Each structure stands twice: as structure tokens, then as C-alpha cells.
Amino acid sequence: QVQLVESGGGLVQAGGSLRLSCAASGRTFSNYGMGWFRRAPGKEREVVAAISGSGGREYYADFVKGRFTISRDNAKNTVYLQMNSLKPEDTAAYYCAAVRAFDSDRNYYTSQYLYNYWGQGTQVTVSS
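S.K.: Lay out the packing of aromatic side chains in plain terms, naming residues and giving numbers.
M.R.: Taken as a whole, this structure holds 5 aromatic pairs when the rule is applied. Measuring from centroid to centroid gives 4.9 Å for Phe37 and Trp118, while their planes differ by 55°, and the two rings are tilted. Of this pair, Phe37 sits in strand S4 (residues 32-39) while Trp118 is found in strand S10 (residues 117-118), placing the two residues 81 residues apart along the sequence. Aromatic rings pair up to connect Phe37, Tyr115 and Trp118 into one cluster. Between the NZ or CZ atom of Arg45 and the centre of the ring of Trp118, over which it lies, the distance is 3.8 Å. Positioned above the aromatic ring of Phe29 is the side chain of Arg72, whose terminal nitrogen or guanidinium carbon lies 4.3 Å from the ring centre.

S.K.: Which residues make up the sheet that holds strand S8 (residues 78-83), and what values go with them?
M.R.: Taken in spatial order, the 4 strands line up as S1-S3-S8-S7 in an open sheet, and their pairing is antiparallel. Lying at the two open borders of the sheet, with one neighbouring strand each, are strand S1 (4-7) and strand S7 (68-73). Taking the axes of each pair of neighbouring strands and ignoring which way they run, one obtains an average angle of 15° across the sheet. Note: S1 against strand S3 (residues 18-24), 4 bridges, orientation antiparallel. Each residue of the ladder has a partner; that of Val5, found in S3, is Ala23.

S.K.: Any details on the side chain of Asn77? Residues and values, ideally.
M.R.: For Asn77, the location among the structural elements is in the loop between S7 and S8. Owing to a relative accessible area of 18%, Asn77 belongs among the buried residues under this scheme. With residues up to four places along the chain from it excluded, the contact list for Asn77 reads Cys22, Ala23, Ala24, Ser25, Gly26 and Phe29.

S.K.: I'd love a proper account of the nonpolar core, names of residues and values included.
M.R.: Membership of the largest hydrophobic core comes to 31 residues, with the highest contact counts inside it found for Leu4, Met34, Trp36, Leu81, Met83 and Tyr94. Secondary-structure elements contributing two or more residues to this core are S3, S4, strand S5 (46-51), S7, S8, strand S9 (92-100) and strand S11 (122-127). If near-sequence neighbours (up to four positions away) are discounted, Tyr94 is found in contact with Glu6, Leu20, Phe37, Arg38, Val48, Phe68, Leu81, Met83, Gly121, Thr122 and Val124. Membership of the second largest hydrophobic core comes to 7 residues, among which are Val47, Ala50, Tyr109 and Tyr115.

Basis of the calculations
- Residues numbered from 1 in each chain as written.
- Predicted model: local features only at pLDDT ≥ 70, side-chain atom pairs only at ≥ 80, totals over all residues.
- Heavy atoms only, no water.
- Phe/Tyr/Trp six-rings, centres within 6.5 Å; stacked < 30°, edge-to-face > 60°.
- Helix = DSSP H or I, 4+ residues; strand = E, 2+ residues; numbered from the N terminus.
- Lys NZ or Arg CZ within 6 Å of the ring centre and 35° of its normal.
- Pairing = 2+ DSSP bridges.
- Axes fitted to C-alpha atoms, helices over the stretch in contact; angles between N-to-C directions.
- Buried < 20%, exposed > 50% of the residue type's maximum accessible area, 1.4 Å probe, protein only.
- Contact = heavy atoms within 4.5 Å.
- Core = buried A, V, L, I, M, F, W, Y, C linked by side-chain atoms within 4.5 Å.

Dropping the structure here:
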């Protein structure tokens, strides 16, 4: 069982930055692929970024490429999402999630339906 706790959300002006953190409980964190997802009001949850267990492979949705960076520190059981050049359309609840699969140490996953564990979410609000 893995428990995930996000932090770092808040209110920021357009063009600003935030760094989200997701702390995971349990052992063998490096075996889990991790992802950040978001859900904006009235919209479905969508993938933002994902990273393999080793940290060697990353994925970014087109709408965050060049602005957001996903990273992980396996020694601290933590995954991060650095968000720069924030836009009002980035306003959403952000969730981290973990997936354990046969190759999740070396591959990332983008489908939310494959993730086994979810955090409670942290709100990001970007004002114009």
C-alpha cells in the first residue's frame, strides 16, 4: 500500500511559478512510475506529466512542455512538479499518482486508469 500526500499548491499570478511536491509512504519507491494529473472545473482529469521509477524517462503533455518539469528524489520518496510561466488555464486541482507495473521502473505511464494510488490533490489557482 502506498500513501501519497501532495503539497505546494496555492494562488499565484500569471507568469509566476509554483513547485508541487508529493511524498510517498512505503518501500521500493523506485519501482513505481509516478504521474501528475489535473482536473479543472467542468473538465475531465488529464495527465500533465509522468516519470519512470528510475527517473530516466519523462513525459509531458503538450500544453505544459517547456514550462513544467517533473522530477523525483527516490532517496526522499518524493516526486516534484516545477511549474513556471503559469497561465490562468493552468488553474486546477493537481493530483499525484503512483503505478506499479512490471516495467514501471524504466517506463512512464500516461493513462490515469493504470494508476493504483492517488493523493488527495492540491489546488493551484492562477490569476490573470
